[in-house]
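Given next are the chains, with one letter for each unit.
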Amino acid sequence: MKYVDEYRDGELARGVAAAIAREASPARPYHFMEFCGGHTHAIARYGLEDLLPENVRMIHGPGCPVCVLPMARIDLGVACARDPRITLCAYGDLMRAPGSNGLSFLKAKADGADVRMVYSTLDAIRVAEKEPNREVVFFAIGFETTTPPTALAIRAARKKGLKNFSVICNHVLTPAAMTAILESGEKDGALVEGFVGPAHVSTVIGTRPYETFARDYKKPVVIAGFEPLDVAQAILMLVRQINDGRAEVENEYVRAVTREGNRRAQAEIAEIFELRDSFEWRGLGWLPNSALKLKDAYAEFDAERRFGLVAAPAADNPACECGAILRGVKKPRECKLFGTVCTPDAPMGSCMVSPEGACAAQWTYGRFREAAKAAAQRSVA
Ligand code: SF4
């Protein structure tokens, strides 16, 4: 398949891996963070870490929309769904994200709340059109990639004169999270020397917003696509930057990303949304200017204002290490609940829910590779 097969070519991947092994200095370690859950998934699925030399280590980042949503926001959605006037529409990977007291959208639905899984924002608009007597609330999540579709839905609702459609906006911003990682990294123990930068997010915002990380923090960023060869090539480019003492923004994903990004999508976002003063992220805490809310001009579509919804503080399960994993200071295996109490069928934390979550990726792919590796070592011994 064009643009897929050539980026999954095993021979080429082994060639890039050989170049990484050749060029990475054995005298030093390299620590790179793949920001996106999509990259975490690709690394786990295609066994990329097995191709890397021991001293080139990948740190999982917080770029999984479901994972970074704090419990308080899930609770807010559950409370909204329990309002008998409301039909809550949400993307499928949110359904099992755990809120307080073991609640989730799925459990609220089982208890009788009107919760519907949708594949797009326009599905939610269609529900509102078909059922004018219901208040239809779309629970919007995601980074800059999923923000434009929410903006378009709000514009469509206004154009159609829909009075029963609104949005709980949880859209968050990638550069703010990267800044938080770098600001907290040293004291928390995460030593991030460079980033494999987001793919889809960067198609929207371009490469320009990352320039501050190269210029002000002296951290290289290489934007990469989600295929295994994209990621491997980006790691090689990061190794070369570190070896050369460079800190630049480079673009491996030239087939989709430009420096300026998608201006039309940026304009749609700017038309509808503005910065929140502060927003809570799972693992990263409250970050200033890190999320979006609807502008006053679109207040009628803001479910939080319309229904007086206020997020109450909620504490994570103390045994769950999602926070540390999202900050890049722990790996899924370091959580005592991994694979015992917490599995994708019964997730205790958000990182086990979405396929993009580090724990889900480790559960789905990593544990089999570990078992195969251990078996191979036993047979050699
Ligand atoms: S294994 Fe489960 S409980 Fe542990 S960090 Fe991951 S999601 Fe949280």
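Whatever comes next refers back to the structure up there.
Only a predicted model underlies this, so the values are computations on that prediction, with no experimental measurement involved.

How each quantity is defined
- Residues numbered from 1 in each chain as written.
- Predicted model: local features only at pLDDT ≥ 70, side-chain atom pairs only at ≥ 80, totals over all residues.
- Heavy atoms only, no water.
- Helix = DSSP H or I, 4+ residues; strand = E, 2+ residues; numbered from the N terminus.
- Rg over C-alpha atoms; globule rule 2.2 N^0.38 Å.
- Buried < 20%, exposed > 50% of the residue type's maximum accessible area, 1.4 Å probe, protein only.
- Contact = heavy atoms within 4.5 Å.
- Areas by Shrake-Rupley, 256 points an atom, 1.4 Å probe, with all protein chains shown as cover.
- Lys, Arg positive; Asp, Glu negative; His and termini not counted.
- Charge placed at Lys NZ, Arg CZ, Asp CG, Glu CD.
- Disulfide = S-S within 2.5 Å.
- Pairing = 2+ DSSP bridges.
- Axes fitted to C-alpha atoms, helices over the stretch in contact; angles between N-to-C directions.

## Some points on the overall build of the chain
A tally of helices and strands in the chain yields 16 helices and 13 strands. Computed over its C-alpha atoms, the radius of gyration of the chain comes to 21 Å, within 12% of the 21 Å expected for a compact globule of 381 residues. Each principal axis of the C-alpha atoms in the chain carries an extent, and together these give about 65 × 45 × 45 Å. When burial is assessed residue by residue, the chain has 54% of its 381 residues classed as buried. Taking all contacts inside the chain whose residues are at least 6 apart in sequence as the whole, residues at least 24 apart take part in 77%. For the chain, the accessible area works out to roughly 16500 Å², and carbon and sulfur atoms hold 54% of it. Across the chain, the 48 positively charged side chains and the 47 negatively charged ones have centroids separated by 2 Å.

## Some points on the state of the cysteines
In total, this model carries one disulfide according to the counting rule given. Paired by a disulfide, Cys64 and Cys67 hold their sulfur atoms 2.4 Å apart. Because the sign of the S-S torsion sets the handedness, a value of about 70 degrees for the bond joining Cys64 and Cys67 places this disulfide among the right-handed ones. Judged by relative accessible area, which is 2%, Cys64 ranks as buried.

## Regarding the sheet that holds strand β5 (residues 135-142)
Where strands meet in a sheet, backbone hydrogen bonds hold them as pairs that are either parallel or antiparallel. Spatially, four strands are ordered β4-β3-β5-β6 in an open sheet, and the strand pairing comes out parallel. With partners counted over all chains shown, the strands left at the sheet margins are β4 (114-118) and β6 (165-171), one partner each. Across this sheet, the average inter-strand angle for adjacent strands is 25 degrees, counted without regard to direction. Sheet topology note: the β5/β6 ladder contains seven bridges and is parallel.

## With respect to the sheet that holds strand β1 (residues 30-36)
An order of β2-β1-β7-β8-β9 is seen for the five strands of this open sheet, with the pairing classed as parallel. Looking at the sheet topology across the chains shown, the edges are occupied by β2 (56-63) and β9 (249-251). The mean inter-strand angle of the sheet, taken between neighbouring strand axes irrespective of direction, is 25 degrees. Sitting on the sheet, helix α12 (residues 228-244) is in contact with β1, β2, β7 (194-197), β8 (221-223) and β9, with an inclination near 135 degrees to β1.

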